[in-house]
Structures are given as structure tokens and as C-alpha cells.
Amino acid sequence: QVQLVESGGGLVQPGGSLRLSCAASGSIFRINAMGWYRQAPGKQRELVAMITSGGSTNYVDSVKGRFTISRDNAKNTVYLQMNSLKPEDTAVYYCHASLIRRDSYANYAYWGQGTQVTVSS
């Protein structure tokens, strides 16, 4: 079994910072990519940032220069450092992983439980 556990969400003032963490555990052979999505009330879920096994990164335009995605391969963990936060960043943030399972060598996609990020004065 594979699961993703998120942490680091919370309430922060505009201009503040938060760091999200997501740890994958279980029957994992290789993680192809991990990333973060977010969904605000009444809006569609959008990709925020993604990092591949080769280290390539992608960001949605609205967070470029403010957010940084990174990984710790030894811990199967991905991080999202969020700086200069704005009210429009308020959303539930979901960790996502595309991986190959050790027990089947098949590709699977997994989602974390979501963590609330609220940016408000």
C-alpha cells in the first residue's frame, strides 16, 4: 500500500511564508514525479508546481518567483516553499505522486489528503 501524508498548512498574513511537506511511503519502486495542486472554493483544481525524477520543475505562472518546489529522494518527500503569500493563494493544497509500485512494477497515481492554506489579514 502507498500513502501520501501532507503537513505544513495553516493561517498566514499576506506577505508571509509557509512550507508544505508531503511524504510518500509504502511499496514504492520509483517516484516519477511529485507535485502540488490546489483548489479554492468554487474553482477548478490547478497544478501549482511539479518536480520530476530528473529534477525538472514546472510552476503555474501565478506563483513563479514566489514558490519553490524541492525534493528529498532518500525520504520520498517533496516540499513546497511558499513566500510572499497573497490572499489569492488561499486554497486546499493537495500533494500528488506518479510512481511505480514495488509489488507490481505498474504505474499509479496517488493523492494526499489535502492541507488548508489560508492567507488573510
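Structure: above.
Rules used throughout
- Residues numbered from 1 in each chain as written.
- Predicted model: local features only at pLDDT ≥ 70, side-chain atom pairs only at ≥ 80, totals over all residues.
- Heavy atoms only, no water.
- Helix = DSSP H or I, 4+ residues; strand = E, 2+ residues; numbered from the N terminus.
- Buried < 20%, exposed > 50% of the residue type's maximum accessible area, 1.4 Å probe, protein only.
- Phe/Tyr/Trp six-rings, centres within 6.5 Å; stacked < 30°, edge-to-face > 60°.
- Lys NZ or Arg CZ within 6 Å of the ring centre and 35° of its normal.
- Salt bridge = Lys/Arg side-chain N within 4 Å of Asp/Glu carboxyl O.
- Core = buried A, V, L, I, M, F, W, Y, C linked by side-chain atoms within 4.5 Å.
- Pairing = 2+ DSSP bridges.
- Axes fitted to C-alpha atoms, helices over the stretch in contact; angles between N-to-C directions.

## Describing unusual backbone geometry
In step 1: A positive phi angle is found at S84, which is not glycine, with a value near 50°.
In step 2: The phi angle at Y105 is positive, at roughly 55°, despite the residue not being glycine.
In step 3: Residue position: Y105 is located in the loop between β9 (91–101) and β10 (107–111).
In step 4: Of the residues examined, Y105 reaches a relative accessible area of 57% and is grouped as exposed.

## A word on the packing of aromatic side chains
In step 1: One pass over the structure, following the stated rule, counts three aromatic pairs.
In step 2: Judged by centre distance (5.0 Å) and plane angle (65°), the ring pair of F29 and Y105 falls under edge-to-face. Taken as a pair, F29 in strand β4 (residues 28–39) and Y105 in the loop between β9 and β10 lie far apart in primary sequence, 76 residues in all.
In step 3: What makes F29 partly exposed here is its relative accessible area of 44%.
In step 4: Here the basic side chain of R101 rests over the ring of Y108, its NZ or CZ set 5.1 Å away from the ring centre.

## What about the pattern of salt bridges?
In step 1: The full count for this structure, using the stated rule, is five salt bridges.
In step 2: Between E46 and R38 there is a salt bridge, and its shortest N-O distance comes to 2.7 Å.
In step 3: With its nearest N and O atoms 2.8 Å apart, the salt bridge here joins R66 to D89. In this pair, R66 sits in the loop between β6 (57–59) and β7 (67–72) while D89 sits in the loop between β8 (77–82) and β9, placing the two residues 23 residues apart along the sequence. For the pair formed by R66 and D89, the shared burial category is buried.
In step 4: Members of the salt-bridge network, linked through shared partners, are R38, E46, R66 and D89.

## Digging into the nonpolar core
In step 1: Ranked by size, the top nonpolar core spans 30 residues in total, and within it W36, L80, M82 and Y93 carry the most contacts.
In step 2: Of all the elements in the fold, those that place two or more residues in this core are β1 (2–7), β3 (18–26), β4, β5 (46–52), β7, β8, β9 and β11 (115–119).
In step 3: With five residues, the single largest contributor to this core is β9.

## Quick look at the sheet that holds β8
In step 1: Spatial strand order, β1-β3-β8-β7: four strands in an open sheet with antiparallel pairing. Each edge of the open sheet is held by one strand with a lone partner, namely β1 and β7. Each strand axis lies, on average, 15° off the axis of its neighbour in the sheet, ignoring direction.
In step 2: Where β7 meets β8, six bridges bridge the pair, whose relative direction is antiparallel. Opposite T68, over in β8, you have Q81 as the bridge partner.

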